[in-house]
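Each chain, letter by letter, is given below.
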Amino acid sequence: MYFLITLLGSMEIGEKMSEMRYEAPKTLDAAVALLAGANGRARILAGGTDVVIQMRSGRIEPELLVDLKGIPEMMAIAAENGGFRFGAAVSGLDLIEHKALANAWPGVIDSVNLIGSLQVRARASVGGNLCNASPAADSVPALIAAGARVSIVGPKGKRDAPVEEIPTGPGKTSLAKGEIVVSFLLPKRPAHSGDAYLRFTPRTEMDIAVVGAGVNLTLDGGGICREARVCLGAVADRALLVPEAAAALIGSKVDAPALDRMAAAASAACRPIDDKRGTREFRIKVAGVMARRAAELALTRARGN
Amino acid sequence: MAKNRVSATVNGDAVEFLCETQQTLLDVLRDELRLTGTKEGCGTGDCGACSVTVDGRLMCSCLMLGVEAQGKSIKTIEGMANGEALHPLQRKFLEHAALQCGVCTPGMLIAARSLLERNPDPTEQEVRYGLAGNLCRCTGYHKIVEAVLDAAREMRGA
Ligand code: FES
Ligand code: FES
């Protein structure tokens, strides 16, 4: 078999110009202190599926990398007030394999399942997906539709915020310097609730959403929709919560005319880019189609519980 | 100064290495530990040529830093055969001619082994989804899928 490989003696001196320090704090306080002391040249490392690539390509050149995966709050999944709290650095695969959470929020789990490959999901976290702030991030519309909130710590203490307030544009967030998204809270589900996330991509796997749509709704005992949230991805500079689309569902039986109105409202809210992956016109049209299909799936799921 | 000192287990053996923060696990495996079976295709998490398992989970070693391997158990293609005896997947890849240039092959084998550990009796579709993170520019995938299905049959004793 293999012999013990020890290369401790092979250190070369002074060959790299920029040293990048790696720290893996065990507590949130220590992480906040490290980030506060780094004068902005620090980056957070969770799953690393975006940060490692950005570092390697030279797009970012941090002096300090703070790995948050050793902090218990960042890695836990637990029931809370009838809902679920999960750490922002939990890998996609750990979320997918959490049976109770997956049963309660199948749409959120579907969105996580669409991120990258199995290899990528074993590392990529939902917190990273949010904070990387790609307008096409798959988990973000699903979480916004779900009404998820994030808990944040920073140099000024703790706060929490709805997920939709975090991304502000491509690669940009509303987080202040040194703030860390610690965890997500998925609220308690009323009976007859269902959620769904669907996206359009040219390929079935390993692709980036041209349009994504998350829908979360709750029916009353008579099958009337009482609550709904509709959120679109990849059709604006950030995930777009569309209250007009939700309003078209609320009070209806989620029947064909309501779905038509909802799809039209979804399309009307889009302000997409025009690129080789999808023209403006195409994205606007498909946003309505995806929102309709997601609402139909959410409806089926709501009727099943 | 400031290299990170890391202790980990690779293919069952304790290893220690020094690495710079920006070195990926792939860099460490290939350049520091001289385990060059694991390949770099893209370096951006898209091709799966660098697939290894870390604490039993399939990952892209190009997306993980060497320093993150501290305390972890890593398995690479070098640990797949048992001495001279090839793993059934390796044998079936040869029998079915499931490789041409061979750059994707170590990653395919590691991913296929991980798939069969979770699902010993996969359908063709499950094999294709299970290997969706592994790209091959040569074979057209058909022979790879056949080799995996055949190896699964043999490993189940069917
Ligand atoms: S080299 Fe790692 S995924 Fe391509
Ligand atoms: S055999 Fe050449 S890439 Fe697969």
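These numbers come from a predicted model, not from an experiment.

### Regarding the pattern of salt bridges
- If you walk through the whole model with that rule in mind, you get 28 salt bridges over all chains.
- The partner of A:Glu179 in a salt bridge is A:Arg159, with the nearest N and O atoms 2.8 Å apart. Of the two residues, A:Glu179 sits in the loop between strand E10 (172-173) and strand E11 (180-186) while A:Arg159 sits in strand E8 (residues 157-162), which places them 20 residues apart along the sequence.
- Here A:Arg283 and A:Asp275 are joined by a salt bridge, their closest N and O atoms 2.5 Å apart.
- A:Arg283 gets classed as buried once you look at its relative accessible area, which sits at 3%.
- Overall, the relative accessible area of 31% leaves A:Asp275 in the partly exposed class.
- Linked through salt bridges whose partners overlap, the residues forming this network are B:Arg91, B:Lys92, B:Glu95, B:Asp150, B:Arg153 and B:Glu154.

### Focus on the interface of chain A and chain B
- Counting residues at the interface gives 44 residues for chain A and 45 residues for chain B.
- Around 3600 Å² of area is buried between chain A and chain B when both sides are counted, 58% of it from carbon and sulfur atoms.
- If you look at where chain A meets chain B, you find 5 salt bridges.
- A salt bridge links A:Arg56 to B:Asp27; the shortest N-O distance between them is 2.9 Å.
- Breaking the side of chain A that touches chain B down by element, the ones donating at least two residues are strand E1 (5-6), strand E2 (21-23), helix H2 (51-56), strand E4 (64-67), helix H4 (92-96) and helix H7 (118-121) of chain A.
- Of all the elements, H2(A) adds the most residues to the side of chain A that touches chain B, at 4 residues.
- Class assignment for the residues of the side of chain A that touches chain B results in 21 nonpolar, 10 polar and 13 charged.

### Some words on the domain arrangement of chain A
All names here are of chain A.
- Domain assignment breaks chain A into domain 1 (19-67), domain 2 (75-186) and domain 3 (193-304).
- Spacing between the C-alpha centres of domain 1 and domain 2 amounts to 19 Å.
- In this complex, domain 1 contributes 13 residues to the contact, which on the side of domain 2 involves 15 residues.
- For the pair domain 1 and domain 2, the summed buried area comes to about 1000 Å², and 70% of that belongs to carbon and sulfur atoms.
- The three residues of domain 1 that bury the most area against domain 2 are Leu28, Val32 and Gly47, which together make up 40% of that side's buried surface.
- One can count 0 salt bridges joining domain 1 with domain 2.
- Across the domain 1-domain 2 interface, the total number found is 3 residue pairs in polar contact (both at pLDDT 80 or more).

### Some words on the packing of aromatic side chains
Residue and element names in this part refer to chain A.
- Summed over all chains, the structure comprises 2 aromatic pairs over all chains.
- Centroid distance Phe86 to Phe184: 5.1 Å. Interplanar angle 10°. Geometry classified as stacked. Note that Phe86 is positioned in strand E6 (residues 83-87) and Phe184 in strand E11, a separation of 98 residues in sequence.
- Looking at Phe86, the relative accessible area reads 1%, which means it is buried.
- The class for Phe184 is buried, based on a relative accessible area of 0%.
- Consider the rings of Phe200 and Phe282, whose centres lie 5.3 Å apart with planes at 70°: the pair is edge-to-face. Of this pair, Phe200 sits in strand E12 (residues 193-200) while Phe282 sits in helix H12 (residues 280-303), and the two are 82 residues apart along the sequence.
- The exposure class assigned to Phe282 is partly exposed, which follows from its relative accessible area of 33%.
- Over the ring of Trp105 we find Arg189, and its NZ or CZ is 3.6 Å from the ring centre.

### Focus on helix H9 (residues 139-146) of chain A
Residues and elements named next belong to chain A.
- Of all 8 residues in H9, 8 are buried; the element is thus mostly enclosed.
- For H9, every residue scored as buried is listed here: Ser139, Val140, Pro141, Ala142, Leu143, Ile144, Ala145 and Ala146.
- Phi turns positive one or two residues past the end of H9, at Gly147, with a value near 75°.

### Overview of a nonpolar patch on the surface
- On the surface, a nonpolar cluster with roughly 250 Å² of combined accessible area is contributed by B:Leu86, B:Leu94 and B:Leu99.
- Topologically, B:Leu99 is positioned in the loop between helix H2 (88-95) and helix H3 (105-118).

### Focus: the packing of H2(B) against H3(B)
Residue and element names in this part refer to chain B.
- Where H2 meets H3, the closest approach of the two axes is 10 Å, and the angle between their N-to-C directions is 125°. One element, H2, and the other, H3, form an angle in the oblique class. Taken as a pair, H2 and H3 cross one another with a handedness that is right-handed. Each of Leu89, Gln90 and Phe93 in H2 lies in contact with H3, whose residues at this interface are Thr105, Met108, Leu109, Ala112, Arg113 and Leu116.
- Here the residues of the contact of H2 with H3 are counted per class, giving 6 nonpolar, 2 polar and 1 charged.

### Focus on unusual backbone geometry
Residues and elements named next belong to chain B.
- In this structure, Asp55 is a non-glycine residue whose phi angle is positive, near 50°.
- Following the sequence through the fold, Asp55 ends up in the loop between strand E3 (51-54) and strand E4 (57-60).
- Classification of Asp55 as partly exposed rests on a relative accessible area of 48%.
- Positive phi, close to 75°, is recorded for Tyr141, a residue that is not glycine.
- Secondary-structure assignment places Tyr141 in the loop between helix H4 (124-130) and helix H5 (142-156).
- Using a relative accessible area of 30% as the deciding quantity, one classes Tyr141 as partly exposed.

Reading guide: rules and limits
Residues numbered from 1 in each chain as written. Chains lettered and ligands numbered in written order. Predicted model: local features only at pLDDT ≥ 70, side-chain atom pairs only at ≥ 80, totals over all residues. Heavy atoms only, no water. Salt bridge = Lys/Arg side-chain N within 4 Å of Asp/Glu carboxyl O. Helix = DSSP H or I, 4+ residues; strand = E, 2+ residues; numbered from the N terminus. Buried < 20%, exposed > 50% of the residue type's maximum accessible area, 1.4 Å probe, protein only. Contact = heavy atoms within 4.5 Å. Buried area = accessible area lost by both parts, 1.4 Å probe. Nonpolar A, V, L, I, M, F, W, Y, C, P; charged D, E, K, R; others polar. Domains from an automatic or database assignment. Polar contact = N/O pair within 3.5 Å; in protein donor to acceptor, adjacent residues only side chain to side chain. Phe/Tyr/Trp six-rings, centres within 6.5 Å; stacked < 30°, edge-to-face > 60°. Lys NZ or Arg CZ within 6 Å of the ring centre and 35° of its normal. Patch = residues over 30% accessible without salt bridge, like charges linked within 9 Å, V, L, I, M, F, W, Y side chains within 5 Å. Areas by Shrake-Rupley, 256 points an atom, 1.4 Å probe, with all protein chains shown as cover. Axes fitted to C-alpha atoms, helices over the stretch in contact; angles between N-to-C directions. Parallel < 35°, antiparallel > 145°, perpendicular 65-115°, else oblique. Left-handed = near helix turned anticlockwise from the far one by under 90°.

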